[in-house]
Amino acid sequence: MNRRQALLGLVALPAVAQIAVAAATPTVIVNKTPTCGCCGAWVKHLQAAGFAVQVHDLENLAPIKERLGVPFGMGSCHTAEVGGYFIEGHVPAADVKRLLSEKPAGKGLTVPGMPAGSPGMEVPDGRVDRYDVLLVDKDGKTSVFATHGQQNSGDKK
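These numbers come from a predicted model, not from an experiment.

**Q** Which residues make up the side chain of Glu81, and what values do they have?
**A** Checked against the element boundaries, Glu81 lands in strand β3 (residues 78–82). Aside from chain neighbours lying at most four places away, what touches Glu81 is Thr27, Val28, Ile29, Asn31, Ile64, Arg67 and Leu68.

Here it is, written out as structure tokens:
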């Protein structure tokens, strides 16, 4: 192998590593409405974290949320599916990876609403309001899976 071939091989290594990571990470299927900007930003967040993402633009997400068992009042603007779980709302990619690694019993993760500073809901000043990522169990009950952000100044301590 000459020097040029060796250098080309080194340049190709990062691409090969990215392909290997993508192959090891299951594809996230994201169901969203066609006009939602924050959903697109969340998709980019997942892609930047190494996930392959398949987007389905739909006018009505209610049947998907119902089929997957997203509890009433725990919804957000997009519903994703990955590894047999649902991911509802602005769940950080690191929490999705942890879910897929630990494989807890449950239906999925949810971040109800649209917390400021969560992935896809970034704000110009960089603030991340405190929010919980909830694990939904088979009966629809929730428990805190992760907590992110800072306590708001108006919150009680």
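Structure shown, so let's carry the discussion forward.
**Q** Tell me what's going on with helix α2 (residues 37–48), and back it up with residues and numbers.
**A** Taking 1.5 Å per residue, 12 residues should reach 16 Å; α2 reaches 17 Å between its end C-alpha atoms and fits that length. For α2, the elements touching its buried residues are β1 (28–32), β2 (53–57), β3, β4 (85–89) and α4 (93–102). Trailing α2 by a residue or two, Gly50 shows a phi angle of about 100 degrees, which is positive.

**Q** Explain the sheet that holds strand β7 (residues 142–148) to me, and be specific about the residues and the numbers.
**A** With respect to topology, 7 strands assemble into an open sheet ordered β2-β1-β3-β4-β5-β6-β7, the strand pairing being mixed. A strand with exactly one partner marks an edge of an open sheet, and here the two such strands are β2 and β7. Averaged over all adjacent pairs, the angle separating strand axes in this sheet is 20 degrees, with direction ignored. Here 4 bridges tie β3 to β4, and the two strands are oriented antiparallel to one another.

**Q** Can you tell me about the side chain of Thr79, naming the residues and giving the values?
**A** With respect to the helices and strands, Thr79 occurs in strand β3. The exposure class assigned to Thr79 is buried, which follows from its relative accessible area of 0%. For Thr79, the side chain forms a polar contact with the side chain of Lys65, separated by 2.6 Å. Reaching out from Thr79, the side chain makes a polar contact with the side chain of Glu88 at a distance of 2.5 Å. Setting aside residues up to four positions removed in sequence, Thr79 forms contacts with Ile29, Val30, Asn31, Ile64, Lys65, Leu68, Val70, Ile87 and Glu88.

**Q** Talk me through unusual backbone geometry; I want residue IDs and the actual numbers.
**A** The backbone phi angle of Lys103 is positive, close to 50 degrees, even though this residue is not glycine. Structurally, the position occupied by Lys103 is in the loop between α4 and β5 (108–111). Judged by relative accessible area, which is 58%, Lys103 ranks as exposed.

About the cut-offs
Residues numbered from 1 in each chain as written. Predicted model: local features only at pLDDT ≥ 70, side-chain atom pairs only at ≥ 80, totals over all residues. Heavy atoms only, no water. Helix = DSSP H or I, 4+ residues; strand = E, 2+ residues; numbered from the N terminus. Contact = heavy atoms within 4.5 Å. Expected span 1.5 Å × (residues − 1). Pairing = 2+ DSSP bridges. Axes fitted to C-alpha atoms, helices over the stretch in contact; angles between N-to-C directions. Buried < 20%, exposed > 50% of the residue type's maximum accessible area, 1.4 Å probe, protein only. Polar contact = N/O pair within 3.5 Å; in protein donor to acceptor, adjacent residues only side chain to side chain.

Without other data, these values stay purely geometric and don't point to any function.
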